[in-house]
Amino acid sequence: MESIYNEINRVFINGQKLTPELLEYLAEIYIKENHLEDYVKYLNISDNMICHGEYDNLNMRLSMSPETSYKDRIKELGLKHNDYEIPKKIYPVDEMRNWYLNQYYFSPNLIRELSIRVLHVLYHELTHAKQNFIAHEGDKALKEIINNEKVLMQNNYLAYTDFHDNFIMEYNANVEGYLEVHRLLEKIGDYRAKEVLLLARRYFINQYKKKENYIYSPYEWMSNVFRVDKVDTKNLSLKDRILYGLPIEKAVYDEIKNIPYSHYRK
């Protein structure tokens, strides 16, 4: 069989959508690489569902509908479409938004741009499966952090729904989702690879808050607001601390924040 990466590159070049079969194959590669066979027992990727994506950590089921992600992103952009046909005119919006849409979406690359969002949904949900593995078999500190959040979610579901994106498990799934998309795009030589890395950087900067000479991490925010037991994370690697939104030194934050935009355009 043709290399999965060559096939995805061909799909991108031809302006086609990623099929459920292709996404399922990518999911199976990730599951094997991360030893998640016992944590994704049911894999259901189909266009005949409403949800973008979800992972059920009790039943070990991962579900995803790429078609829902494609259609919802089109709606978010405010585009009028017919089978993803590129519109000839955009209706009343401000000048800057018109420029942005013309620059990035009114081109044969429309589906490629939307496919990057679909890939992020896939890897976001797969990261939740990896979190479930860590909660059972992983490093003690990370295991505690994840299990403490699971308890909070079970005891206060409103907290999870109202502050969904503030949860460390969601922060981690977003960051690792971007990094996995970046890794995939690099393998196929896609020009958007470094721009996805830039998205990961922007997300990191927005989630950590600088307060004078102190960097307030997402983990500290969660722990303080919801009175979750704090875990000693000082022995974790810098990589893990960044991936899980844990406390970091100001110098590390500044180094990442000060990487020039030109670095991502090379």
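A brief look at the structure comes next. This is a predicted model, so every value here is computed, not measured.

**Things to note about the pairing of strand 3 (residues 61–64)**
As judged from the four bridges shared by strand 1 (residues 42–45) and strand 3, these two strands associate in the parallel manner. From the neighbouring strand, L43 faces strand 3, where its bridge partner is L62. Joining the antiparallel neighbours strand 2 (residues 53–56) and strand 3 is a turn of four residues, in which M60 adopts a positive phi near 55 degrees.

**Quick word on the side chain of H120**
Considering the arrangement of structural elements, one finds H120 in helix 5 (residues 110–137). Overall, H120 belongs to the buried group, its relative accessible area being 11%.

**Structural notes on the pattern of salt bridges**
For the coordinates displayed, the defined rule picks out 11 salt bridges. Where K17 meets E67, a salt bridge forms, and the shortest distance between an N and an O atom there is 2.8 Å. In this pair, K17 sits in the loop between helix 1 (4–13) and helix 2 (20–33) while E67 sits in helix 3 (residues 66–76), placing the two residues 50 residues apart along the sequence. The partner of D254 in a salt bridge is K250, with the nearest N and O atoms 2.6 Å apart. Placement of the pair is D254 and K250 together in helix 12 (residues 250–257), with a separation of four residues, close to one helical turn. D254 sits in the buried class, given a relative accessible area of 16%. Of the residues examined, K250 reaches a relative accessible area of 26% and is grouped as partly exposed. In this structure, a network of salt bridges that share partners links the residues K17, E67 and K71.

**Considerations on the sheet that holds strand 2**
On the basis of which strands lie adjacent, the open sheet formed by three strands has the order 1-3-2 and mixed pairing. Single-partner strands in this sheet number two, and they are strand 1 and strand 2. In this sheet, adjacent strand axes meet at a mean angle of 5 degrees when their direction is disregarded. Contacting strand 1 and strand 3, helix 2 runs over the sheet at an angle of about 150 degrees to strand 1.

So, how was this worked out
- Residues numbered from 1 in each chain as written.
- Predicted model: local features only at pLDDT ≥ 70, side-chain atom pairs only at ≥ 80, totals over all residues.
- Heavy atoms only, no water.
- Pairing = 2+ DSSP bridges.
- Helix = DSSP H or I, 4+ residues; strand = E, 2+ residues; numbered from the N terminus.
- Buried < 20%, exposed > 50% of the residue type's maximum accessible area, 1.4 Å probe, protein only.
- Salt bridge = Lys/Arg side-chain N within 4 Å of Asp/Glu carboxyl O.
- Axes fitted to C-alpha atoms, helices over the stretch in contact; angles between N-to-C directions.
- Contact = heavy atoms within 4.5 Å.

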